[in-house]
Amino acid sequence: EFSWKLKDHPKLPKGKTVGLIVLDGWGEANPDQYNCIHVAQTPAMDSLKQGAPDRWRLVRAHGKAVGLPTEDDMGNSEVGHNALGAGRIYVQGAKLVDLALASGKIFEGEGFKYIKESFKTGTLHLIGLLSDGGVHSRIDQLLLLLKGASEHGAKRIRVHILTDGRDVLDGSSIGFVETLEEELAHLHEKGVDAQVASGGGRMYVTMDRYENDWDVVKRGWYAQVLGEAPYKFKNAIEAVKKLREETNANDQYLPPFVIVDENGKHVGPIEDGDAVVTFNFRADRMVMIAKVLEYEDFDKFDRVRFPKIRYAGMLQYDGELKLPSHYLVSPPDIERTSGEYLVHNGVRTFACSETVKFGHVTFFWNGNRSGYFNPEMEEYVEIPSDSGITFNVKPKMKALEIAEKARDAILSGKFHQVRVNLPNSDMVGHTGDIEVTIVACKAADDGVKMILEAIEQVGGIYVVTADHGNAEDMVKRDKSGKPLLDKNGNIQILTSHTL
Ligand code: 3PG
Ligand code: CO
């Protein structure tokens, strides 16, 4: 019979404080010049590796080991923290969507039936990340969804794209838009009026997380719903090419654009009676847009117009808020996570990171649930991130502040688990700036040092781990491991996570 009560550990004494550090995007790779962790001065991490060989080991954080579809899927923060927090492996969103599409069950579920009601008179809008990164979404799933929706009665479809360059190579967005346009042309031949209606770069339009910057979501709302954006183009391929050339923005930061017809009219704002699907399966960067699309009461920005739509997420993104209320595929049922066990066993927890990773050690850790299990037993502290900058401008981020909070929590004696996420190697690694990522890795190492000293002072126990790799390899390589060069002889920078 199930019980929340945990048995005492066979060897470890009771009542010790455990310091738990997740280094975001910190992996193992060959020590060469593109391994920023190797190049950086990281004495704290080096001493752990050298000083305790019996307690230092590699863990797999990608592919099937964390519930992803294939061994080629790099790890990511959602699946990494879900697995760490639950202590178990779940079949994750990416795979659940694959299965639902392959069996066709996605088109028979409650969520699809709900949006289908709008197909006769309304437009179906699909909003999401356009790439094959497999972290937040996958283009092959989008194409299957387009095909299936049209076979199930959608006559008018508009796609609102978000370009990637973060989970995939920068510049690859053009190819993805071309692939999408081909599929839309197929649909056209079959009598479906299907087009791209708007777009923008994922880090600048729509995909903010943990309420770091509502302006990002607002820009998306203006382009997707109101049909207003600073740039107008006749087609999406031209849009992406021109914006990359003329505004000097990369895929992650393309400014918002809308597609217009010969008369300069936006081809597909979101109107009363339409259906909307956000096709990302990953939760963190969809929660904010889901709120804007779904909540009657909303005060983060002026929506100007709030159309009456039928909205469904690819998945339900927040299990506690039940957001969105309609979804095409049920999310993994992550239950009885470690955090919930701790509150049932009288273990007090302190969790901390800065805004951009705060939800990783709370929301993801707790199985994609927001809030506390028991506020009397837990304290979650969010340190505001710098906003409006890319993190290569301030690579130390808030590592010192996070470490100080953890140190104080440890020394206070009030908590028995103190867990943090140190974001530097991941967030700066994603910018592709190698020089500065080295600085970032050192900053994370300084954070580790401070927390370990506090743990030693109280005679506690520490666990230092990572959610997935990133900064340990910053270059795209061929099969033999040699760096790949572009046509100008420059190395191809790897902004994404690794295996
Ligand atoms: C992001 O959302 O920033 C990237 O796609 C993945 O990074 P994360 O998994 O480390 O958050
Ligand atoms: Co990352």
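You'll find the protein chain entered in an unreviewed UniProt entry as phosphoglycerate mutase (2,3-diphosphoglycerate-independent), with Actinidia chinensis var. chinensis given as the organism. On record in UniProt, under Subunit (unreviewed entry), the comment for the protein chain is "Monomer."

Participant: I would appreciate a short explanation of the environment of alanine 83 in the present structure.
Facilitator: Within the element layout of this structure, alanine 83 appears in helix α3 (residues 77–86). Among all residues touching alanine 83, those that are not within four sequence positions of it are Val66, Gly67 and Ile89.

Participant: Help me out: how do you make sense of unusual backbone geometry in this one?
Facilitator: Most of the time, phi is negative for any residue but glycine, and the peptide bond is trans. Here the amide bond leading from leucine 323 into proline 324 is cis, since omega sits at -10 degrees, within 30 degrees of zero. Of note in this structure, valine 304 is not a glycine but carries a positive phi near 65 degrees. Mapping valine 304 onto the fold places it in the loop between α10 (287–294) and β8 (310–315). Positive phi values are uncommon outside glycine, yet lysine 322 reaches one of about 55 degrees. Here lysine 322 is to be found in the loop between β8 and β9 (327–329). A tally of 10 C-beta atoms within 10 Å means that lysine 322 is categorised as exposed.

Participant: What should I look at first to understand the sheet that holds β9 in this one?
Facilitator: Paired through their backbone hydrogen bonds, the strands of a sheet run either parallel or antiparallel. In spatial order, the strands read β5-β6-β4-β3-β2-β7-β8-β9; together these 8 strands make up an open sheet with mixed pairing. Because the sheet does not close on itself, it has two edges, and the strands there are β5 (231–233) and β9. Neighbour-to-neighbour, the strand axes of this sheet turn through a mean angle of 20 degrees, independent of strand direction. The sheet contact formed by strand β2 (residues 124–130) and strand β7 (residues 275–278) spans 4 bridges and is parallel. Directly across from isoleucine 127, in β7, lies its bridge partner threonine 278. The strands that helix α7 (residues 173–189) touches are β2, β3 (156–163) and β4 (193–201); relative to β4, the one it contacts most, it runs at about 165 degrees. Contacts between helix α9 (residues 236–246) and the sheet are confined to β3, β4, β5 and β6 (257–259), with β5 contributing the most and set at about 135 degrees to the helix.

Participant: Before we go on, may I ask you to explain the environment of tyrosine 311 in this structure?
Facilitator: Its location among the elements puts tyrosine 311 in strand β8. Considered as a pair, tyrosine 311 and isoleucine 115 are 196 residues apart in the sequence and their alpha carbons are 6.7 Å apart. Those residues in contact with tyrosine 311 that sit more than four places away from it in its chain are Val276, Leu293, Glu294, Pro324 and His326.

Participant: So what exactly am I meant to see when it comes to the confidence of the model for the protein chain here?
Facilitator: Where the model shows low pLDDT, its predicted coordinates should not be examined in detail. For the protein chain, the average pLDDT comes to 97, and 100% of its residues sit at 70 or higher. Taking the mean pLDDT of every element in the protein chain, the minimum, 95, falls on helix α2 (residues 43–51) and the maximum, 99, on β2. In the model output, the complex is listed with pTM 0.95 alongside ipTM 0.98.

Participant: I keep staring at helix α12 (residues 355–364) and nothing clicks. Help me out?
Facilitator: Because each turn of an α-helix spans 3.6 residues, side chains separated by three or four positions end up pointing in the same direction. The buried fraction of α12 amounts to 10 of the 10 residues, a majority that puts the element mostly inside the structure. On the buried face of α12, the contacting elements are β1 (18–23), α3, β10 (349–354), β11 (378–383), β12 (417–422) and α14 (424–429).

Participant: What is the right way to read the sheet that holds β12 from this model?
Facilitator: Across the sheet, 5 strands lie side by side as β11-β10-β12-β1-β13; this open sheet has parallel pairing. The sheet is open, and its two edges are formed by β11 and β13 (461–466), each paired on a single side. With strand direction ignored, the average angle separating the axes of adjacent strands in the sheet is 15 degrees. Pairing of β10 with β11, which is carried by 6 bridges, proceeds in the parallel orientation. Within β11, the position partnered with cysteine 352 by the bridge is valine 381. With respect to the sheet, α12 is in contact with β1, β10, β11 and β12, its orientation differing from that of β10 by roughly 150 degrees.

The rules behind each value
- For every chain, the first residue of the written sequence is number 1, and numbering continues from 1 along that sequence.
- Numbering of ligands from 1 and lettering of chains from A proceed in the order in which they are written.
- Where totals are concerned, whole chains, interfaces and linings use all residues; where local detail is concerned, this predicted model gives features only for residues with pLDDT of at least 70, and gives and counts side-chain atom pairs only at 80 or more.
- UniProt positions are given in the numbering used here, feature names are shortened, and annotations may be inferred rather than shown by experiment.
- Every helix listed is a DSSP run of H or I at least four residues long, and every strand listed is a run of E at least two residues long, numbered separately from the N terminus.
- What counts as a contact is two residues whose backbone-derived C-beta atoms lie within 7 Å of each other.
- Buried, partly exposed and exposed are defined by the number of other C-beta atoms within 10 Å of a residue's own C-beta, namely 20 or more, between the two limits, and 12 or fewer respectively, with C-beta atoms placed from the backbone.
- Two strands qualify as a pair provided that DSSP identifies no fewer than 2 bridges between them.
- Axis lines are fitted through C-alpha atoms, for helices just across the contact stretch, and the angle between N-to-C directions can take any value from 0 to 180 degrees.
- As a per-residue measure, pLDDT reflects the predictor's confidence and takes values from 0 up to 100.

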